[in-house]
Amino acid sequence: MGAGRLYAAVAAGGFRRYATYRTATAAGVFTNTVFGLILAYTYLALWHERPHLGGYDEGQALTYVWTGQALLMTVSVMGGGFEDELIERIRTGDIAIDLYRPADLQLWWLSADMGRALFHLLGRGVVPLVVGALLFPLALPTSPLTWLAFLVAVGFGVVVSFAIRFVVALCAFWLLDGAGVAQLSWLLAVFCSGMLLPLNVFPGALGEIVRVLPWSALLQAPLDVLLGTADPLSTYAFQGAWAVVLLGAGRLVQSAATRRVVAQGG
């Protein structure tokens, strides 16, 4: 089997794996919808007091809420992807088998995570967005090109999210437990991705800083492409730059981890 076919099979396996969790998926759809309702009414109250806050009108703000809920699991803002399993394999020593496998560790897990992301986009993303569109006047684009540009930005966001979580998970090689670092990464993602509020709302220097951090590539960047408030090409350049940097960092950490395993005799 060629390398491309191998990683395509891994991605398909990741999709099928999450597709088997039907009850969890249904519960997730319900949870995303309920939180979408809570956030939508909170945003309505906030935008009633501060119209055009962050450069969005009310319809754009509501669209931000519901599309954001559709993407939460796709880009794993709050974790729930491969990282827990990878940390456990490092803790138990099973990672040695993975490192000696004739397949690239990073590409293997990236492929599996892409399959997971595609399932969550379809399985947990569509229904909350449809509910939001039925209950609220969303400012959804009508151009297929805008939706295509948005989906490309989502793909970049998934890669950046993976790259962050891959580095975080590999920290378990040097720590007794990687859970603490994973929780810290989760908190940063919640605050800096635009999950709670659009990053455009953050004032002054804080707003400038959070918009250039990698977590903004997860939600804020794709949503601005969808809303037409950001140029797709410059957004892709920003996301792609962070993807290259973080994937490169993951390579370096993976090489250091491999040397550690070899030095310890596997």
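Look above for the structure.
In this report, we go over the structure that sits alongside the text.

How each quantity is defined
Residues numbered from 1 in each chain as written. Predicted model: local features only at pLDDT ≥ 70, side-chain atom pairs only at ≥ 80, totals over all residues. Heavy atoms only, no water. Helix = DSSP H or I, 4+ residues; strand = E, 2+ residues; numbered from the N terminus. Rg over C-alpha atoms; globule rule 2.2 N^0.38 Å. Buried < 20%, exposed > 50% of the residue type's maximum accessible area, 1.4 Å probe, protein only. Contact = heavy atoms within 4.5 Å. Lys, Arg positive; Asp, Glu negative; His and termini not counted. Charge placed at Lys NZ, Arg CZ, Asp CG, Glu CD. Axes fitted to C-alpha atoms, helices over the stretch in contact; angles between N-to-C directions. Parallel < 35°, antiparallel > 145°, perpendicular 65-115°, else oblique. Left-handed = near helix turned anticlockwise from the far one by under 90°. Nonpolar A, V, L, I, M, F, W, Y, C, P; charged D, E, K, R; others polar. Patch = residues over 30% accessible without salt bridge, like charges linked within 9 Å, V, L, I, M, F, W, Y side chains within 5 Å. Areas by Shrake-Rupley, 256 points an atom, 1.4 Å probe, with all protein chains shown as cover. Salt bridge = Lys/Arg side-chain N within 4 Å of Asp/Glu carboxyl O.

1. Concerning the overall build of the protein chain
Assigned secondary structure in the protein chain consists of twelve helices and zero strands. Here the C-alpha atoms of the protein chain give a radius of gyration of 19 Å, agreeing with the 18 Å that 2.2 N^0.38 yields for 266 residues. By its C-alpha atoms, the protein chain is 65 × 40 × 30 Å across when sized along the principal axes. A buried classification covers 47% of the 266 residues belonging to the protein chain. Sequence-distant contacts in the protein chain: of pairs separated by 6 or more residues, those separated by 24 or more amount to 80%. Separation of charge centres in the protein chain, based on 15 positive and 15 negative side chains, amounts to 10 Å.

2. Some points on the side chain of S185
Considering the arrangement of structural elements, one finds S185 in helix 9 (residues 179-192). Apart from residues lying up to four places away in sequence, S185 is in contact with I164, V168 and W215.

3. Considering the packing of helix 3 (residues 58-71) against helix 11 (residues 220-227)
Two elements in contact, helix 3 and helix 11, have axes separated by 10 Å at closest approach and are oriented at 130 degrees. On the basis of the axis angle, helix 3 is oblique to helix 11. Once helix 3 is placed against helix 11, the crossing between them reads as right-handed. Each of Q60, T63, Y64, T67, G68 and L71 in helix 3 lies in contact with helix 11, whose residues at this interface are Q220, P222, L223, L226 and L227. Considering only residue class, the contact of helix 3 with helix 11 consists of six nonpolar, five polar and no charged.

4. Here's the deal with a nonpolar patch on the surface
On the surface, L118, L122, V126, V130, L134 and L135 cluster together to form a nonpolar patch covering roughly 580 Å² of accessible area. Residue assignment for the nonpolar patch shows that the elements contributing at least two residues are helix 6 (105-123) and helix 7 (126-135). It is helix 7 that provides the largest number of residues to the nonpolar patch, a total of four residues. Along the chain, L122 falls in helix 6.

The values reported here are purely geometric and, on their own, carry no functional implication.
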